[in-house]
Amino acid sequence: ERSLLTSQLLMQLVGIFCIPLYAVMQIAIRDASEKFGSLRQKNLPEWLKILLLFGFLPTMVLMLFYLIFPTELFLFAYNYVIPLDQLSYVELFLMAVIVNQVGNVLTVPTRANKNSYQITLVYFLSDFCVLLLGMQLIIFFNRATPFTAGIIMLLYTLFYTTMTGYFAQKNMKSCCFIEKE
């Protein structure tokens, strides 16, 4: 029951700390989709600068602060002490969230290019094949610990970010800032 409480409290603060990125991503998708078909530019477009400066950067600063001081933040926000056996999960989960936010930024060109089905495919593959299957395997082989659950979360977000990066690279060639060859 304490691991469930730790997990819920962990996700609450993560959700709050990721608000800047989620808010600015919606604007970036709108602005980037308006730029499709316009002249290409060699510099970063305005929508990407805004996304990185006002969404990604504040979120990363907050998440890195959370990663460096998880026990202090839990104590300050909830008056809750993370059990020592769950600290590795908390730290791995926070690393996974940081990696996941990079993946979320990488979804913008794909969504702006009206290829959201590719992101849906990424979600399906990463959620089903990596997260669900990975968790089931550690349970089946009796290796389920907070640490191994954290490793599965990290693998899940690495896969998600790699796949969103692949589709972003494909979509950015037609997305408003990479010149066609």
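The preceding data block contains the structure.
Thresholds, definitions, all that
- Residue positions are counted from 1 within each chain, in the order its sequence is given.
- The predicted nature of this model means local features are confined to residues of pLDDT at least 70 and side-chain atom pairs, given and counted, to a pLDDT of 80 or more, with totals for whole chains, interfaces and linings taken over all residues.
- To obtain the side-chain values, all non-hydrogen atoms of the structure were used and water was disregarded.
- Runs of H or I in DSSP of at least four residues are treated as helices and runs of E of at least two as strands, each being numbered from the N terminus.
- Contact between two residues is taken to exist if any of their heavy atoms lie within 4.5 Å; hydrogens are not considered.
- Areas reported here follow the Shrake-Rupley algorithm with a probe of radius 1.4 Å; residue values treat only the protein chains shown as occluding.
- His residues and chain termini do not enter the charge count, which takes Lys and Arg as positive and Asp and Glu as negative.
- By convention, the point assigned to a charge is CZ for Arg, NZ for Lys, CD for Glu and CG for Asp.
- Angles shown run from 0 to 180 degrees and are taken between the N-to-C directions of axes, each axis being a line fitted to C-alpha atoms and, for helices, limited to the stretch in contact.
- To sort the angles, those under 35 degrees are grouped as roughly parallel, those over 145 as roughly antiparallel, those from 65 to 115 as roughly perpendicular, and the leftovers as oblique.
- Accessible area is worked out with a 1.4 Å probe on protein chains only. A residue is then buried under 20% of its type maximum, exposed over 50%, and partly exposed in between.
- As used here, the arc belongs to the directions running from the helix axis to the C-beta atoms.
- Any pair of Phe, Tyr and Trp rings, taking the six-membered ring for Trp, is counted once the centres come within 6.5 Å. Such a pair is stacked with planes under 30 degrees apart, edge-to-face with planes over 60 apart, and tilted for the rest.
- We define the nonpolar core as a collection of buried residues of types Ala, Val, Leu, Ile, Met, Phe, Trp, Tyr and Cys that are connected through side-chain atoms lying within 4.5 Å of one another.
- For a helix, the expected span equals 1.5 Å multiplied by the residue count minus one.
- Axes are fitted to the seven residues ending at a residue and to the seven starting at it; the angle between these axes is taken as the bend at that residue.

Peer 1: In this structure, what is going on with the overall build of the protein? I would like to understand it.
Peer 2: Secondary structure assignment for the protein yields seven helices and zero strands. Of the regular secondary structure in the protein, the N- to C-terminal order runs α-α-α-α-α-α-α. Overall, the protein is about 55 × 35 × 20 Å in size when its C-alpha atoms are taken along their principal axes. Residue pairs at least 24 apart in sequence account for 82% of intrachain contacts in the protein once pairs closer than 6 positions are excluded. Total accessible area computed for the protein in this model is approximately 10,200 Å², and 69% of it derives from carbon and sulfur atoms. Positive and negative side-chain charges in the protein, numbering 12 and 10 respectively, have mean positions lying 12 Å apart.

Peer 1: Looking at this structure, how should I read the packing of helix α3 (residues 46–68) against helix α4 (residues 70–78)?
Peer 2: Any two packed helices are characterised by the angle at which their axes cross and by the distance between the axes. Interaxial distance between α3 and α4 falls to 5 Å at its minimum, and their mutual angle equals 95°. When the interaxial angle is binned, α3 and α4 end up roughly perpendicular. Residues Phe65, Tyr66, Leu67 and Ile68 of α3 form the contact with α4, whose participating residues are Pro70, Leu73 and Phe74.

Peer 1: Would you mind showing me how to read α4 here?
Peer 2: Among all positions in α4, only Pro70, Leu73 and Phe74 are buried. Looking straight down α4, one finds that the buried residues subtend no more than 100° of arc, so they occupy a single side. Those residues of α4 hidden inside the fold are in contact with α1 (2–17), α3 and α5 (84–112). One or two residues past the end of α4 sits Asn79, with phi positive at roughly 55°.

Peer 1: What's the story with the packing of aromatic side chains in this structure? I'm lost.
Peer 2: The description of an aromatic ring pair uses the distance of the two centres, along with the angle that the planes make with each other. Evaluation of the coordinates by the stated rule reveals ten aromatic pairs. Arranged with centres 6.3 Å apart and planes meeting at 35°, the rings of Tyr66 and Phe74 form a pair that is tilted. Accessibility expressed as a relative area gives 0% for Phe74, which makes it buried. Put simply, the rings of Phe17, Tyr66, Phe74, Tyr78 and Tyr80 pair up and form one aromatic cluster.

Peer 1: I'm lost on the side chain of Thr110 in this one. Help?
Peer 2: The topology assignment puts Thr110 in helix α5. Not counting residues up to four positions away in its chain, the partners in contact with Thr110 are Asn115, Ser116, Gln118, Ile119, Phe167, Ala168 and Asn171.

Peer 1: I tried to follow the environment of Leu52 on my own but got confused; where do I start?
Peer 2: One can find Leu52 in helix α3. Its relative accessible area of 31% is what places Leu52 among the partly exposed residues. Taking the C-alpha atoms as reference points, Leu52 and Gly150, 98 residues apart in sequence, are found 27 Å from one another. Not counting residues within four places of it along the chain, the set of residues in contact with Leu52 comprises Leu57, Pro58 and Val105.

Peer 1: Hey, could you run me through the nonpolar core in this one?
Peer 2: Nonpolar side chains in soluble globular proteins tend to be buried together. Grouped together as the largest cluster of nonpolar side chains are 40 residues, with contacts concentrated most on Leu10, Val14, Leu51, Met63 and Tyr66. Broken down by secondary-structure element, the contributors of at least two residues to this core are α1, α2 (19–35), α3, α4, α5 and α7 (146–172). Counting residues per element, this core draws most heavily on α5, which supplies twelve residues. Not counting residues up to four positions away in its chain, the partners in contact with Leu51 are Leu21, Val24, Met25, Ala28, Phe56, Val105 and Val108.

Peer 1: Is there a simple way to think about α3 in this case?
Peer 2: Helical geometry: 3.6 residues make up each α-helical turn, so side chains three or four residues apart lie on a common side. The end-to-end C-alpha separation of α3 is 32 Å, in line with the 33 Å expected for 23 residues at 1.5 Å each. Phe56 marks the point of greatest bend in α3, at about 35°, and the proline Pro58 comes within the next four residues. Turning to α3, its buried residues are Trp47, Leu48, Leu51, Gly55, Phe56, Thr59, Met60, Met63 and Tyr66.

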